[in-house]
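Analysis of the macromolecular model
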Amino acid sequence: MLQGTEQTEGLLSALPWGWTLLLFVAAAFGLGFVGAPLLAWTGLAALLLFGLAAPLWLWIPFLVVAAVFNLKPLRRALVTRPLMGVLKKLGLIPQISATEEEALEAGTVWAEGELFSGHPDWGRLMRESYPELSAEEQEFLDGPTEELCAMTDDWDVYQRRDLPPEVWQALKDKGVFGMIIPKQWGGLEFSAAGVSAVIAKLSSRSMPLGITAMLPNSLGPAELIMHYGTSAQQQYWLPRLASGEEMPCFALTEPQAGSDAGAIRSTAVVFRGEDGEPMLRLNWDKRYITLASRATVFGLAVKLSDPDNLLGKGQKPGITCVLAEAHRDGVARGEQHDPLGVPFLNCPFQGHDVVVPASNIIGGAEGAGRGWRMLMETLAAGRGIMLPAQAAAGTKAAARVAGAYAQVRKQFGLSVGKFEGIEEPLARIGGWAYLLEATRRYTCGGLDGGAKPAVVSAIAKYHSTELFRKAINDAMDICGGAGISRGLRNLLAHAYWGAPISITVEGANILTRTLMIFGQGAIRCHPWAYAEIKSLGRNDVEGFDRAFWGHIGYIVHSKCRAILLSMTRGRLARTGLRGPSHFYAQKISWASACFAFLSETAMAMYGGDLKRREGLTGRFSDALSWMYLASATIRRFEAEGRREEDLPFFRWSMDYSMLQIQEAFCGLLRNFRAPWVGWLSRGPVQWWAYANPISRGPNDRLGHQVARALQTPGELRDRVCGGLYVPEDREQALGRLEHAFELTFMADAVVAKIRKAVKAKQLPKAKPLTLLDQAVEAGIIGREDADLVREAEVAREDTVQVDSFDEEGYYSTSTKPFTMTH
């Protein structure tokens, strides 16, 4: 042993001191990269001192410091406890209110925690479920859901400004309003994936149909009673809600309380009734409440006060969820909002001194003051199901319609889809459709596995609805006049109208991006930050010691990983995957390390003021979000068997995602404003980021492959654009378009033969349609080929027509059905 030590000392002594330091730095980066414990760092420091033949006066303080920091009881007494006092005095670690703590505690941390960590575990991410529907759910999707779509005429819904009575009744009879309710209470008890698939298909037929089916299965009385209600509430209400006997709505938003739900002014005052039982006197003024005009029972978020403490929860329990029946005296309704002309029931309504039993508090007396937590926990899951389903369906529908129309519509003798100017937006729609379906399925898998990830649900809601809005804009551009001319033949206009609605509801997207995703994520998903805040607030020395020094180690680990992965373009990251999935997972690992380091830098630079730097928090949200969307896309590619034919969609989606992460990082670096750190980030670091980007985005060749796939009938197109209602009836707009699409695609092969013959001078130079008979006589094509081209031309000519109206019909478009001519 002594001989080995002497050899090591001799080797190190023989090296110039500069080389010794260089070896030390390399070893330090290695320890930091793998996240080595403090003891390993202590050993490395000792080896450096030993190699440099350090004098005794350096060894003594080193050994003292090493003992203090490695022996936890000493560290807590001599370092951590005094440090806590300093941090409290200076306010360097933010304090959180009880309301903020409830919001943070709502839900769970799921896949986003891996991405936030800087060192994602790809084994875990790829083990998360990518769910298939159960046999029962698939049967419901293929049967009752398909029947509801067939019953609904979207144009008629917009003319009558409501679903027809028979559709309302069918929604009740088929159990659509009870999809989330357990079977023991008469519901269907579908999984999140099952509910999402049903909402997606219904929405692909008619947005008002999807919204109407969505609301009773989203945040509202049924879900709140299921999770928090008393046994009596469950037994009474759930069977009635499942059958549609009772129609629910939930009222949170008020004129002065939108995104800031804690600012609600609606009240409930507890008093003793004539029979001696506690009663509530409710007063509210709510708006933007879907189904309020048709509901028979309202779920209300109110501020509860109990002057005599009859419920035993104090005089001001706080925000509480209460049920109020529509027949109660004092309920005032009858007005209707008009959200961009989309005809779903969305209303303001009021309650003036409405009296209900205190037993109408959801959860009974124990539920008093727990409303905020109920809402946060419910939204933590629900945001990830309904609107992402509708947006994914809308984007897939846009891909299906725009791809078919680009093939059918011809200009300058060619399908417009052959022009690169059309291919570019068409590729975007196709890539987004693939990505959003991956996100929908992956998120539902997490929810069905028991997770309630508030941050992931916010990511899914925000980006699904934003990408849907972009996709429908691109589809409108491709379809041109056929997209903007309303009527029975139009397949896009109503979706275009409705896109901003999904942007606004369930948390406005601006707030979701700038405050929720990173604002919650920076504390809740961070490996140590929330534990630090909680332990400091509770004066828990042991907990703070573990969290604070763990945080210091995490900073070193993130910095080392960020630097080394940037230098190697992610190649040092281990993923356990192979092929293109491995390549992109390495890039996400690289991005995750950079994200962790940049977020730590921002928190150190701005402290508690960071939450007010919404330009920065929005970009952090973008980076975290696109890492999640990309991870979901990898999970889809892996779950579906790494299909070769899917590679263009997969690669386009991944390259696009990586580009969004790159742009978010560059935006952060440009806008860090702090002495030295700001200059460094806007100078050398930003130059390196531009010179060594994670991605430059999808190229035109990849876009061409995606666009061609959307213009080619077959299994790939049907799968990428699947889960929609596609009628076979050629009298319906989509059925007519699909029929013409398939005919024109087959006819193009025949026309290509004629063009080739013209080029070879076997036929005279003329338009192919005029040469059909000559081509048959010359044996270039068969008679059935000529008939196919003629049939395709008739179908194409019919499909590109748009609706027009006589004067009487035009001026009655908003009041009643009318006759159209074209």
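This section reports on the structure supplied with the text. (Residues numbered from 1 in each chain as written. Predicted model: local features only at pLDDT ≥ 70, side-chain atom pairs only at ≥ 80, totals over all residues. Heavy atoms only, no water.)

Scanning the protein for helices and strands turns up 34 helices and 11 strands. Computed over the C-alpha atoms, the radius of gyration of the protein is 31 Å, within 12% of the 28 Å expected from 2.2 N^0.38 for a compact globule of 822 residues. Along the longest, intermediate and shortest principal axes, the C-alpha atoms of the protein span 105 × 95 × 45 Å. Relative to its full complement of 822 residues, the protein shows a buried share of 55%. Taking contacts inside the protein between residues at least 6 apart in sequence as the whole, the part at least 24 apart equals 75%. (Helix = DSSP H or I, 4+ residues; strand = E, 2+ residues; numbered from the N terminus. Rg over C-alpha atoms; globule rule 2.2 N^0.38 Å. Buried < 20%, exposed > 50% of the residue type's maximum accessible area, 1.4 Å probe, protein only. Contact = heavy atoms within 4.5 Å.)

Here we come to the state of the cysteines. Here a disulfide denotes one covalent bond, and it connects the sulfur atoms of two cysteines. In this structure the tally under the stated criterion is zero disulfides. Unpaired in this structure, Cys721 has its nearest cysteine sulfur neighbour in Cys479, at a distance of 13 Å. On the basis of relative accessibility, which here comes to 1%, the residue Cys721 falls in the buried class. (Disulfide = S-S within 2.5 Å.)

This paragraph deals with a nonpolar patch on the surface. A cluster of nonpolar side chains, contributed by Leu56, Ile60 and Val64, occupies part of the molecular surface with about 300 Å² of accessible area. Note that Ile60 resides in helix H4 (residues 56-70). Accessibility expressed as a relative area gives 49% for Ile60, which makes it partly exposed. (Patch = residues over 30% accessible without salt bridge, like charges linked within 9 Å, V, L, I, M, F, W, Y side chains within 5 Å. Areas by Shrake-Rupley, 256 points an atom, 1.4 Å probe, with all protein chains shown as cover. Salt bridge = Lys/Arg side-chain N within 4 Å of Asp/Glu carboxyl O.)

Its identity is not glycine, yet Arg161 carries a phi of approximately 65°, on the positive side. Following the sequence through the fold, Arg161 ends up in the loop between helix H10 (154-160) and helix H11 (165-173). Accessibility expressed as a relative area gives 34% for Arg161, which makes it partly exposed. One non-glycine residue with positive phi stands out, namely Leu340, at about 55°. Along the chain, Leu340 turns up in the loop between strand S6 (331-332) and strand S7 (346-357).

Our next topic: helix H9 (residues 135-151). Taking 1.5 Å of rise per residue, the 17 residues of H9 would be expected to cover 24 Å, and the 24 Å separating its terminal C-alpha atoms lies within 8% of that figure. For H9, the principal kink sits at Leu141 and spans about 35°; a proline, Pro144, occurs within the next four residues. For H9, the complete set of buried residues consists of Glu137, Phe140, Leu141, Gly143, Thr145, Leu148 and Cys149. Of the surrounding elements, those touching the buried residues of H9 are H11, helix H12 (192-205) and helix H13 (207-214). (Expected span 1.5 Å × (residues − 1). Bend = angle between axes of the 7 residues up to and from the residue.)

This part covers the packing of helix H25 (residues 579-606) against helix H26 (residues 614-639). Interaxial distance between H25 and H26 falls to 10 Å at its minimum, and their mutual angle equals 160°. Considering the angle they form, H25 stands roughly antiparallel to H26. Read as a crossing pair, H25 and H26 show a hand that is left-handed. Contacts from Pro580, Ser581, Tyr584, Ala585, Ile588, Ala591, Ser592, Phe595, Leu598, Ser599, Ala602 and Tyr606 in H25 reach Leu616, Phe620, Ala623, Leu624, Met627, Ala630, Ser631, Ile634, Phe637 and Glu638 in H26. (Axes fitted to C-alpha atoms, helices over the stretch in contact; angles between N-to-C directions. Parallel < 35°, antiparallel > 145°, perpendicular 65-115°, else oblique. Left-handed = near helix turned anticlockwise from the far one by under 90°.)

Moving on, we get to the nonpolar core. Judged by nonpolar contacts, the single largest core of 133 residues is most densely connected at Ile588, Phe595, Leu624, Tyr628, Ile634, Phe665 and Ile781. Excluding anything up to four places from it in sequence, Tyr628 contacts Trp110, Ala111, Leu115, Thr439, Tyr442, Thr443, Val456 and Ile459. If you look at the next biggest cluster of nonpolar residues, it comprises 95 residues, including Trp168, Tyr228, Phe250 and Ala268. (Core = buried A, V, L, I, M, F, W, Y, C linked by side-chain atoms within 4.5 Å.)

It is worth spelling out the packing of aromatic side chains at this point. Evaluated as defined, the whole model comprises 28 aromatic pairs. With 5.0 Å between their ring centres and 10° between their planes, Trp652 and Tyr656 make a pair best called stacked. With Trp652 and Tyr656 both in helix H27 (residues 647-671), this residue pair falls four residues apart, about one helical turn. Of the residues examined, Trp652 reaches a relative accessible area of 5% and is grouped as buried. Through a chain of ring-to-ring contacts, the aromatic side chains of Phe69, Phe544, Phe548 and Trp549 assemble into a single cluster. Looking at Arg294, its charged tip hangs above the ring of Trp168, at a distance of 4.5 Å from the centre. (Phe/Tyr/Trp six-rings, centres within 6.5 Å; stacked < 30°, edge-to-face > 60°. Lys NZ or Arg CZ within 6 Å of the ring centre and 35° of its normal.)

This part takes up the environment of Arg400. Relative to the helices and strands, Arg400 is located in helix H17 (residues 386-408). A sequence separation of 348 residues divides Arg400 from Asp748, and the C-alpha atoms of the two residues are 19 Å apart. Not counting residues up to four positions away in its chain, the partners in contact with Arg400 are Arg717, Asp718, Cys721, Leu724, Val726 and Glu738. Here Asp718 takes part through its side chain, which lies 3.0 Å from a polar atom of the side chain of Arg400. (Polar contact = N/O pair within 3.5 Å; in protein donor to acceptor, adjacent residues only side chain to side chain.)

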